Number of protein chains: 2
Amino acid sequence: MWLRPSARKGRDAPPLSRDRIVEEAVTLLDAEGADRLTMRRLAERLGTGSTTLYWHVKTKDDVLDLALDMIFAEVLIPAESRGWRADITALIDGWRAVLLRHPWSAALLSRPMLGPNVLARSEFLYATLLRAGAVEPHLTAAAYGLSNYVIGSGLMQATWPTGAGQEARQAAQEHLRAHRESYPALAAHGPHVAEADWDTGFALGLTWLLDGIQAGIAGK
Amino acid sequence: MWLRPSARKGRDAPPLSRDRIVEEAVTLLDAEGADRLTMRRLAERLGTGSTTLYWHVKTKDDVLDLALDMIFAEVLIPAESRGWRADITALIDGWRAVLLRHPWSAALLSRPMLGPNVLARSEFLYATLLRAGAVEPHLTAAAYGLSNYVIGSGLMQATWPTGAGQEARQAAQEHLRAHRESYPALAAHGPHVAEADWDTGFALGLTWLLDGIQAGIAGK
DNA sequence: TCGGTCACCGGATCATTGATCCAGTGACCG
DNA sequence: CGGTCACTGGATCAATGATCCGGTGACCGA
């Protein structure tokens, strides 16, 4: 009784808020991946009981949605314009970097992304394309093409077991080599060969898309 | 005792095999979505105990991996060539159609796809590009660009609450309209406006990618 | 100063689910 | 005919998302 802790549980825990929960969720996701995130583990890290989290958040999915939106804040929106191609390239590159920095996000991409940060990036994309002179149907096609391309790339690369999943990666290569005669082209030129060139490949594809968009604008 | 069922449980159940399990898993996924798939429910549909499934399959994830690979068998690989652009277009369009026909697949795209059906399609893609004359780094960029583009598109469109999720879709539109002043370009030209033109947009983006690939081949 | 409200917290508990233990069971073989 | 072996499933376990309900203390108006 005399020694009853004056403040909260932890040493200096700031007073638990929705933001703090999401923040901790992101670091937990970064550290251990999507399937290791449970409400109990999250609560423990925050120095509270798992029940308490439900006061600030309705369901676990909410935490995931919020975490997903939070990392999109890291994608910085070009302040001053250097031309639409440069602006869009910067945005898309930043977007991709975030997806790769938080590989768990790939698994969450299948839920509707309507958070403010995501919307702000989409807004910038649309606005830039409009300013560049894009009109329908090229406008929508451009916006979607670019988004889909980044998302697909991020998903693909985050999925592919590089770095961390050494044994899984080994297994995959082994798998391909074992079926070499079934997939000759794949075995000879597949992802495991030119493995480090994700960046080059991504940049090339992006160029193609931008060229197509530019041609569409000019030709209109 | 006298009336002991001669065959198995159900009327005419064929003798439960891994294939039958996966097949039923796909129809269950099609009918109710990814989160309604549990081993118990799956077993019940098959007229067996849930335990039995584990004799044919190691984990639930195996079922998901197998189901994902199974639907890729629906993507038909062009038998005789009509030129590399046409061939690739056919493959990619088929691929996209499958992703949209089985929306649950979007959520599973984040796991490594190494099943035979997936690999066979990748093989065809690489082989076609090689035959068209693509060389590195354009080869990898092309293969990845195309794959990423379909995957992203499928994910995006399957995610976006169309048709089925009426209320969710309404909510999303409402959400955008409510923040109209924050996202002017998005509100004016966003996805909810030109909503039906997924196909056109997809085709346009695909054209851009193919044009870029073609230019890369020619210029080499 | 006092009583009460209310934002916030958490132990106990429930239902669901993936997975395993172990005891069958019957077809087939030598 | 005895035994092996592919196959089945009831009971059970541990983990997890979520809820019930009883605290607790800061603050506020009287």
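Analysis parameters
- Residues numbered from 1 in each chain as written.
- Chains lettered and ligands numbered in written order.
- Predicted model: local features only at pLDDT ≥ 70, side-chain atom pairs only at ≥ 80, totals over all residues.
- Heavy atoms only, no water.
- Near = heavy atom within 4 Å.
- Polar contact = N/O pair within 3.5 Å; in protein donor to acceptor, adjacent residues only side chain to side chain.
- Helix = DSSP H or I, 4+ residues; strand = E, 2+ residues; numbered from the N terminus.
- Nonpolar A, V, L, I, M, F, W, Y, C, P; charged D, E, K, R; others polar.
- Least-squares fit on C-alpha atoms with pLDDT ≥ 70 in both.
- Contact = heavy atoms within 4.5 Å.
- Buried area = accessible area lost by both parts, 1.4 Å probe.
- Salt bridge = Lys/Arg side-chain N within 4 Å of Asp/Glu carboxyl O.

Student: Please explain the protein's contact with DNA strand C as it appears in this structure.
Tutor: The environment of DNA strand C is made up of 18 residues, and the closest members are A:Thr51, A:Thr52, A:His56, B:Arg40 and B:Lys60. Counting only the atoms of DNA strand C that lie within 4 Å of the protein, the sugar and phosphate share comes to 52%. One nitrogen or oxygen atom from the main chain of B:Met39 is found 2.9 Å from a phosphate oxygen belonging to DNA strand C. One nitrogen or oxygen atom from the side chain of B:Tyr54 is found 3.0 Å from a phosphate oxygen belonging to DNA strand C. Every element with two or more residues in the surface near DNA strand C is listed here: α3 (50-56) of chain A together with α2 (39-46) and α3 (50-56) of chain B. Tallying contributions element by element places α3(A) first for the surface near DNA strand C, with four residues. Class assignment for the residues of the surface near DNA strand C results in five nonpolar, eight polar and five charged.

Student: Would you explain the relation of the copies chain B and chain A in this entry?
Tutor: Copy one and copy two of the chain differ by a rotation about a common axis and a shift along it. When chain B is fitted to chain A, the best match, at an RMSD of 0.0 Å, comes from turning it 180° and sliding it 0.0 Å along the axis. Such a turn and shift between the copies fits a two-fold axis. Both copies present the same face, since 100% of the interface residues in chain B are matched by interface residues at the equivalent positions in chain A.

Student: Honestly, the interface of chain B and chain A in this entry has me stumped. Any pointers?
Tutor: For interface size, the figure often reported is the accessible area lost on association. Opposite the 55 residues of chain B that make contact, chain A presents 55 residues. When the two sides are added together, the surface that chain B and chain A hide from each other amounts to roughly 4600 Å², 76% of it contributed by carbon and sulfur. Looking only at chain B, the three residues that lose the most surface to chain A are B:Glu123, B:Tyr144 and B:Trp208, adding up to 15% of its buried area. The tally of links from chain B across to chain A stands at zero salt bridges. Summed over the shared surface of chain B and chain A, the result is twelve residue pairs in polar contact (both at pLDDT 80 or more). Of all the elements in the fold, those that place two or more residues in the side of chain B that touches chain A are α6 (105-108), α7 (116-132), α8 (138-159), α9 (166-178), α10 (184-189) and α11 (198-219) of chain B.

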